[in-house]
Amino acid sequence: MIRPLILATLSLSIAGPSPVAGADKKYGPGVTDTEIKIGQTVPYSGPISSLSRFGRIEAAYLKMINAAGGINGRKVTLVSLDDAFTPAKTVQQTRKLVEDDDVLAIVGSVGTPTNLAVAKYLNSKQVPQILLLASTPKLDDPENLPWTTTFMIPQPAETRIYADYLLKTKPDAKVAVIYQNDDLGKGNLAGLKAALGSRASTMVVAEAAYDIMEPTVDSHIVALKASGADTLFHASNARFAAQAIRKAYELNWKVQHVLLSGVSSISAVLRPAGLAAAKGAVSAFWLKTSEDPMWDDDAGMREFRAFMKEWAPNDDVEESIFPYATAQIIVEVLKKCGDDLSRENLIKQATSIQGLQLPTFLPGITINVTPSSRIGWRKARMARFDGTRWVLLDDVVGN
């Protein structure tokens, strides 16, 4: 059974006039009277294949939309290809999507280094590269990358939230940083130092970079503990964040863990690390968490759970709310295009989003994207893990 409430409760305002009935149709590549074809790359294999859930959940959501009649009468075809989180393969697969599969746009591709690898190519072809799951500010470049937008908090904005939290609650912290040796890790390390300002030189006492192909980060954690740090900032992915938390616990290193929002999952990170080992960790949140009973009666959460039960029963509910939110905004942007499904109008709609409040967002969190600022969101709430669930702290922070 199709649940229309999932569609009806979306509340957003995308700047610009609504499509006019009877207006001339304008179609870009991949669009007909009955179909909208979009593409993406996702790591279905490789060291972070856990992120393949983005492709699966988005495909399931679009299947639901298509079963209900599609978008303005057109079914959406998502061509989602594996890039194994390897930039060279991302280039190959993206070229296939554009030049062979003839997609309208690249939508929701996963990864910072992978999206960077194809941004110039897509912009040179004037192919929209929108709602990317990448946090680097390098993709917020309207002058050089006018066809690109993201759907993650940018590294400078998120790391400022953590820096402000530490300066407020633990100004004498001795911070060690474990970071991924690519644009994800380096960008977050640089962002944290920039946000700490003049205090960075005294507060950041040790750094360790790991390669994504390393089997473990245990030796790095041993070295960081020896620095005397009492706070560990994780600029890493889920697998290595879990390893680092567990190893610190095994070493009896009583350290304050500060986790990027992308590695705060209980099922993917904290449970594998050990709930006792993760107790006291802090992170930033912008989405409701399905394991928190405070949202049990929330309409948006009920709809999300109903969707998962019917359309994605084999995927982890706790891990799927971000992909679900991504799928929702993909649909809303396409819907706003009306019958003008040209690439020019698609990027116009994707960069004209004001006050977007999806049902799964925390209260007070909205998305704003403009032609001069391509970053999806800049606000969040800090939370602390109490050994069972994340407990929200204070009010919405960010700018």
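Position labels on residues start from 1 in each chain and follow its written sequence. Two thresholds apply to this predicted model, a pLDDT of at least 70 for residue-level local features and 80 or more for giving and counting side-chain atom pairs, whereas whole-chain, interface and lining totals are computed over all residues. Side-chain metrics rest on all non-hydrogen atoms present in the structure, leaving aside hydrogens and water.

S.K.: Just checking my understanding: could you explain the layout of surface pockets for this structure?
M.R.: Rolling a probe over the atoms, with the probe sized like a water molecule, indicates the empty space that remains. For each structure, a 1 Å grid was placed over the protein atoms alone; sets of points admitting a 1.4 Å probe that cannot get out are labelled cavities, open sets with protein on both sides within 12 Å along at least five of seven lines are labelled pockets, and lining residues have an atom within 4 Å of a point. Grid points are joined across faces, edges and corners, and a volume is the space filled by probe spheres set on the points. What the largest pocket holds in volume is close to 890 Å³. Surrounding the largest pocket, 46 residues form its lining, Arg53, Ser261, Gly262, Val263 and Phe322 being those nearest its centre. Those elements that place two or more of their residues in the lining of the largest pocket are α2 (53-67), α4 (112-124), α6 (183-196), α9 (238-250), α10 (266-273), β12 (282-285) and α13 (321-336). A helix here means a DSSP run of H or I that spans at least four residues, while a strand means a run of E at least two residues long, and both kinds are numbered starting from the N terminus. Among the elements that take part in the lining of the largest pocket, α13 stands out by supplying three residues, more than any other. Taken together, the residues that form the lining of the largest pocket break down as 25 nonpolar, 14 polar and seven charged. Under the convention adopted here, Pro, Cys and the residues Ala, Val, Leu, Ile, Met, Phe, Trp and Tyr are nonpolar, Asp, Glu, Lys and Arg are charged, and Gly plus all remaining residues are polar.

S.K.: Looking at this structure, I do not really get the pairing of strand β8 (residues 175-180). What am I missing?
M.R.: The side chains of a regular strand alternate between both faces of the sheet. Note on exposure labels: buried denotes an accessible area under 20% of the residue type's maximum, exposed denotes more than 50%, and partly exposed covers the range between, all computed with a 1.4 Å probe on protein chains only. Summarising burial for β8: six of the six residues are buried, a large majority. Judged by which residues are buried, β8 turns out to be covered on both faces: Val175, Val177 and Tyr179 on one side and Ala176, Ile178 and Gln180 on the other are all buried. Note on pairing: DSSP must find at least two bridges between two strands before they are called paired. As judged from the six bridges shared by β8 and strand β9 (residues 204-210), these two strands associate in the parallel manner. Of the residues in β9, the one forming a bridge with valine 175 is valine 204. Across five bridges, β8 lies against strand β10 (residues 231-235) in parallel orientation. When the bridges of β10 are listed, valine 177 appears paired with phenylalanine 233.

S.K.: Would you explain the packing of aromatic side chains in this entry?
M.R.: The description of two aromatic rings rests on the distance between their centres and on the angle between their planes. Aromatic contacts are taken between Phe, Tyr and Trp rings whose centres are within 6.5 Å, Trp giving its six-membered ring; a plane angle under 30 degrees counts as stacked, one over 60 as edge-to-face, and the others as tilted. Evaluation of the coordinates by the stated rule reveals 14 aromatic pairs. Judged by centre distance (5.6 Å) and plane angle (90°), the ring pair of tyrosine 61 and tyrosine 324 falls under edge-to-face. Residue tyrosine 61 is located in helix α2, and its partner tyrosine 324 is located in helix α13; the two are separated by 263 residues in the primary sequence. For tyrosine 61, a relative accessible area of 0% gives the class buried. Assessed through its relative accessible area of 0%, tyrosine 324 is described here as buried. Note on phenylalanine 385 and tryptophan 390: the rings are 5.6 Å apart at their centroids and 55° apart in plane angle, and the pair reads as tilted. As far as burial versus exposure is concerned, phenylalanine 385 and tryptophan 390 are alike and both buried. A connected cluster of aromatic rings, assembled from ring pairs, spans Phe54, Phe151, Trp286, Phe322, Phe361 and Trp377. Each ring is checked for a lysine NZ or an arginine CZ that lies within 6 Å of its centre and within 35 degrees of its normal; such an atom marks a charge sitting over the ring. Positioned above the aromatic ring of tryptophan 295, the side-chain terminus of lysine 288 is 5.2 Å from the ring centre.

S.K.: Which parts of the structure should I look at to understand empty space enclosed by the protein?
M.R.: All chains considered together, the criterion is met by one cavity of 30 Å³ or more. Approximately 50 Å³ is the volume attributed to the largest cavity. For the largest cavity, the full set of lining residues is Phe285, Leu287, Lys288, Thr289, Asp292, Trp295, Leu362, Ala383, Trp390 and Leu392. When grouped by side-chain class, the residues that make up the lining of the largest cavity number seven nonpolar, one polar and two charged.

S.K.: Sorry if this is basic, but what is going on with the side chain of threonine 326 here?
M.R.: Structurally, threonine 326 is set in helix α13. Contact criterion: two residues are considered in contact whenever any of their non-hydrogen atoms come within 4.5 Å of each other. Setting aside chain neighbours within four positions, we find threonine 326 in contact with Phe54, Glu58, Leu131, Leu133 and Phe151.

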